[in-house]
Every structure is written in structure tokens, then in C-alpha cells.
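# Architecture at a glance
Here are the chains, one letter per residue:
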Amino acid sequence: MKRIYLLIMFAFTFLVVQSQTLLNLDSCRALAIRNNKQLKIASENVKKASYEKKSAFAQYLPDVSFTGTYMYNQKNLSLLNEDKFLPIGTKMADGTFGFTPDQVAGMTLPNGQWVPVDADGVPFDPRQHPDKIVWKEYTTIPQNEFEMDIHNVWAGVFSLIQPVFMGGKILAYNQITKYAEQLSESQKNAELQNVILKTDETYWQIVSLSNKKKLADAYVDLLRKMNNDVQALIEEGFATRADGLSVKVRLNEAEMAQTKVNDGLNLSKMLLCQLCGIPVENDINLADEFVENISSSKETAAVDINQAFMNRPELQSLNLATKIYEKKEIVSRSEMLPTLALSANYMVTNPNLFNGFQTDFAGMWNVGVVLRIPIFHWGDKYNKLNAAKAETRIKRFELEEAREKITLQINQSVFKLNEARKNIESASKNMENADENLRYANAGFEEGVIPVSNVMEAQTAWLKAHSQLIDAQIDIKLAEVYLKKSIGKLKVEN
């Protein structure tokens, strides 16, 4: 029993430790990158583009295929019509084949009873005048010799097609797929930076709310002490009930703000858990939550715009898209040019077409050249070419516009970072003044020379100054992140 109890306690302790996770910024980034679904989709798009590139290269190589068929036919093939077929006759004395009188008398042809005639064309009875029978022109036509057995037909063709000139289409397709592979890599890089940006924003938001929670807790404690002191002064007659009500109203407002900060902190941690692939019910703590003063560089931000253009994945993507549409112009133009290909085939059939339709397999090979020359297409190909050129111009305009917007974005990021660094200096001075003012106000209140309203004003100023300092510190961190994002250097190693 004791052993079971120890195992249960160990499991409970393990779960508690596991549920309280300490994370820093780098670990949050790594987890977010590992678990982000959009990044996984981008990786699959890179693989897809690689396969399409290999597929496009295969267009240079000959295409080999086999086509087979089987057919069952109801009837055989006959080379003569039915009235040309006569029964096999009897060999006559002169060497010809004819019919005996009894054979002729019982002969029924498709068109009715056959009646023989003599050399003058006069009908006669062959049984009474056998000497008049002359059959040379009607003899030796066996029907089965002119029927082809096609009840079961088998056929197959091995084909080889080697492109020689396709109007530049194959080369253009290979270049398009190469640019498409680079484009997918660039889009993956852009998605990676978006994931890092979102993670950093949420991380520093949690740090901000955590510090504001500490500030809100301290402010509530300050007001509770103030409320107790005022209630004591009211009982002694040194303060009015109005002073007590004012403090209580301010205390209620502070407690409501405290609740909002706690809720916002919990929701932000849930969001970070979701980004990092951690169960949202886990209790996480961030390394920077416990840092009193968040350090940052005080150097004035300066960037190289041209280098930023080279680093931005959005510009890389638009530049590659422009190249792709330029190659699509070549593809559209190739539809108006002649195409040339070599062909080689081997055909096999059963029945044997080369030996009287015998029921065995036989075949032959052939080689040839396939030339296709477009002559008239009602302007269809020409209009497609113009549409492709228009798409290329659109991408060029989008590229120019993106460069202008990115230039503006970089300058804004630089200004915001420099402004945030200046603001933190003034916020630090304001906080020092607010601390000193609150100290004097509390001392004066205890001496009875400063009224309650002045103390509450000092407390409000103290709260505002500390809150502004927290915002200024977080603004610097976010401004640094936004600047790195704007110049295309927001990476994991940062």
C-alpha cells in the first residue's frame, strides 16, 4: 500500500513539474516553427515544386508507351459477296471442275433455283442431256478460302516519340519550374518570418501583461492599505466619509483592472501555447517575466535599403514571379511556331495481317517524322500571347509598388525604434519622479498635512509612470523585431 502511495505521489509531482514549463524566447520560436501547420504546408510546397522541376526535365527525353487492345467480332471477314461462292464440283474428263446432273438438279443458290443453259443460252435438263454441261466459268470457287477469321482480334503498338523542336516550350517550362522551386523556398522563408513575428509579439505581450499584473497587484495593495488608514482616520475624526468613499471607488476600479490584466495574461499564455504546440491548459512561465528591467540596445538604428531589398522574401517572390510570367510569354509564343518530333513504332497483331489472317502474332516496325505547322487560328494564340505579356507587366508594377511600400515600412520601423529608445529615457525619469512624489505624499498623509485626494493623485501618477515604463520597454523589443522583419533579417538565430 505504501509503495502504491509513493508511486501516485511521484506521478502527481511529475505532472505538476511537466505542467509548469519555463520557456525563453528562443525555445518559443523553435517550438512554434516545429509545430506551425502553415510552415509544414510551405515545406510540402517546396517538395512539390522540386518534383515538378524533375518532371519538366523529363520532357527533354523520349516518351515510350505501349497501347494494346482486344476485340471480339460477331462475323468473319469475307472478300467476296455470297453469290460468288459455289460448291466444289466434280472433276470432268477434260480436267475442268463441273457438276454432275444430280448435283445440279439439287443445287439451290441464294437467288433461288439455279437453271443451267447450253452454249446457245437455251435452258435444258442436265439429267436428260449430260453432254451439254460446260462449267468452266463456274467452277473451283471454295467459299472458306475467302473468309478471314476475325472473331478474336489482338493488337498492340510500342511507340517512341522524341521531341526535336517544340518552339522553345520545353526549355521555358524547365526555367519556369526552376523559378517556381525558388519561389516556394522564398514563400516558406516569408512564412517562417511571420511565425517568428507572431511568436515574438505574443511572448513580449505576456511579459508586458505579467509586469502589469505585478503593478496592478501592488497598486491594489497600496489602495487597500490606504483604505484601512482612511477608515481609521474617519473613526478618529481626522477624515471625512467622502474621503473614504473616494478611496473605495478607486480600490474597486483597481480590482477590476487587476481582473482584466489576469484574464488577458491567461489568454495570452494560451495563445502562446497554441503557437508552440503545447496543450493550452499547461501553466507556462517565461524567462523574461521575472526580469525587472528589460535590456535593449541604445544605438540609433540605421539600415541599408538596397541590402534590405535583397533580403526581403516578398520582393524575392515578386521578382521570381515576374521571371515566371516572362517565360510564360515564351510558352504562349511557342503555340504559333512549328513543332518537330521523331517517332518510332512497332505494331503487332493477331490475326496475322501479313500472312493471310492466320491466327498467330506478327508485326512490323516503322520510323517517321511528325511536323506540325500552325497556319490560322483566328487570333487565339496571338491574344494569349498578349495576355501573357499583360500579366508580366502587372507583376513588374506589383514589384515596383512593393519596393516603395517596403522602403516606407523600413523608414517607419527605424523611426519607431529610435522613438521608443527616446521614450524609455523619459519614462524612466517620470517613474523616478512619480516614486519620489508618492513617497512625499505618503509621508505627508501620515503627518496629516496632505489630504487624501492628493495622495490618490500621487498613487495614480505612480501607476501611470510605471505602466508607461513597461510599455516603453516592450515597445523597444517589438520595434527591434519589426525592424528586423522589415529588412528581412528576422531569423531563428536572431
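These numbers come from a predicted model, not from an experiment.

What the chain contains, in helices and strands, is ten helices and twelve strands. Burial analysis of the chain (494 residues in total) assigns 34% to the buried set. Look at the contacts in the chain between residues 6 or more apart in sequence, and 80% of them connect residues 24 or more apart. For the chain, the accessible surface area stands at approximately 30,700 Å², while carbon and sulfur atoms represent 56% of it.

It is worth spelling out the packing of helix H2 (residues 25-35) against helix H5 (residues 169-236) at this point. Put simply, H2 and H5 touch, their axes get as near as 9 Å, and they point 135° apart. On the basis of their axis angle, the class for H2 and H5 is oblique. Of the two possible hands of crossing, H2 and H5 adopt the one that is right-handed. Of the residues in H5, those touching H2 at Leu-25, Cys-28, Arg-29, Ala-32 and Ile-33 are Leu-192, Val-195, Ile-196, Thr-199, Asp-200, Tyr-203 and Trp-204. Its residues assigned to classes, the contact of H2 with H5 comprises nine nonpolar, one polar and two charged.

What follows is about a nonpolar patch on the surface. Taken together, the side chains of Phe-66, Phe-158, Tyr-346, Trp-365 and Val-367 present a nonpolar region at the surface, about 610 Å² in accessible area. Within the element layout of this structure, Tyr-346 appears in strand S11 (residues 339-350). A residue is classified by how much of its surface remains accessible, and Tyr-346, at 36% relative accessible area, is partly exposed.

The next point concerns the pattern of salt bridges. Where charged atoms of side chains with opposite charge meet at close range, the side chains can pair. A full pass over the atoms with the stated rule returns 19 salt bridges. When the shortest N-O distance is used, the salt bridge between Lys-213 and Asp-217 registers 3.1 Å. A residue pair is termed a helical-turn pair when its members lie 3 or 4 positions apart in one helix, as Lys-213 and Asp-217 do in helix H5 at four residues. The class of Lys-213 is partly exposed, set by a relative accessible area of 28%. Residue Asp-217 is classed as partly exposed on the basis of its relative accessible area of 21%. Here Asp-380 makes a salt bridge to Lys-381, at a shortest N to O gap of 3.7 Å. You can call Asp-380 partly exposed: its relative accessible area is 34%. Taken together, the shared-partner salt bridges connect Arg-312, Glu-314 and Lys-485 into one network.

Attention now goes to the side chain of Asp-200. Relative to the assigned elements, Asp-200 resides in helix H5. A distance of 2.5 Å separates a polar atom in the side chain of Asp-200 from a polar atom in the side chain of Arg-29. Those residues in contact with Asp-200, other than ones at most four positions away along the chain, are Leu-25, Arg-29, Leu-478, Val-481 and Leu-490.

Moving on: unusual backbone geometry. With an omega dihedral of 15°, the bond running from Asn-350 to Pro-351 counts as a cis peptide bond. Locating Pro-351 in the fold gives a position in the loop between S11 and strand S12 (362-372). Of note, Trp-378 is a non-glycine position whose phi angle comes to about 60°, a positive value. Looking at the element boundaries, Trp-378 is found in the loop between S12 and helix H9 (380-447). Here Trp-378 falls in the exposed class, since its relative accessible area comes to 75%.

Let's shift gears to the confidence of the model for the chain. For the chain, the mean per-residue pLDDT works out to 83, and 80% of the residues sit at or above 70. Contacts of residues 83-92 to residues separated by more than four positions or lying in other chains number 28 contacts, the stretch itself having pLDDT below 50.

We now examine the packing of aromatic side chains. Taken as a whole and judged by the stated rule, the model has five aromatic pairs. Between Phe-376 and Trp-378, the ring centres sit 4.7 Å apart and the planes meet at 70°, which makes this aromatic pair edge-to-face. Judged on exposure class, the residue Phe-376 and its partner Trp-378 are both exposed.

Right, let's get into helix H10 (residues 452-486). Taking 1.5 Å of rise per residue, 35 residues should cover 51 Å, and H10 covers 50 Å from first to last C-alpha, within 8% of that figure. One or two steps after H10, the chain reaches Gly-488, where phi turns positive at roughly 75°.

A separate point is the nonpolar core. Trp-204 and Leu-286 are the most contacted members of the largest nonpolar core, which totals 61 residues. Every element with two or more residues in this core is listed here: H2, H5, helix H6 (241-276), strand S10 (283-286), helix H7 (305-311), helix H8 (313-334), H9 and H10. With near-sequence residues (within four places) excluded, Trp-204 lies in contact with Leu-25, Asp-288, Ile-294, Ile-474, Lys-477 and Leu-478. By size, the runner-up hydrophobic cluster in this structure holds seven residues, among which are Ala-172, Ile-176, Leu-183 and Val-331.

Conventions and cut-offs
- Residues numbered from 1 in each chain as written.
- Predicted model: local features only at pLDDT ≥ 70, side-chain atom pairs only at ≥ 80, totals over all residues.
- Heavy atoms only, no water.
- Helix = DSSP H or I, 4+ residues; strand = E, 2+ residues; numbered from the N terminus.
- Buried < 20%, exposed > 50% of the residue type's maximum accessible area, 1.4 Å probe, protein only.
- Contact = heavy atoms within 4.5 Å.
- Areas by Shrake-Rupley, 256 points an atom, 1.4 Å probe, with all protein chains shown as cover.
- Axes fitted to C-alpha atoms, helices over the stretch in contact; angles between N-to-C directions.
- Parallel < 35°, antiparallel > 145°, perpendicular 65-115°, else oblique.
- Left-handed = near helix turned anticlockwise from the far one by under 90°.
- Nonpolar A, V, L, I, M, F, W, Y, C, P; charged D, E, K, R; others polar.
- Patch = residues over 30% accessible without salt bridge, like charges linked within 9 Å, V, L, I, M, F, W, Y side chains within 5 Å.
- Salt bridge = Lys/Arg side-chain N within 4 Å of Asp/Glu carboxyl O.
- Polar contact = N/O pair within 3.5 Å; in protein donor to acceptor, adjacent residues only side chain to side chain.
- pLDDT = per-residue confidence, 0-100.
- Phe/Tyr/Trp six-rings, centres within 6.5 Å; stacked < 30°, edge-to-face > 60°.
- Expected span 1.5 Å × (residues − 1).
- Core = buried A, V, L, I, M, F, W, Y, C linked by side-chain atoms within 4.5 Å.

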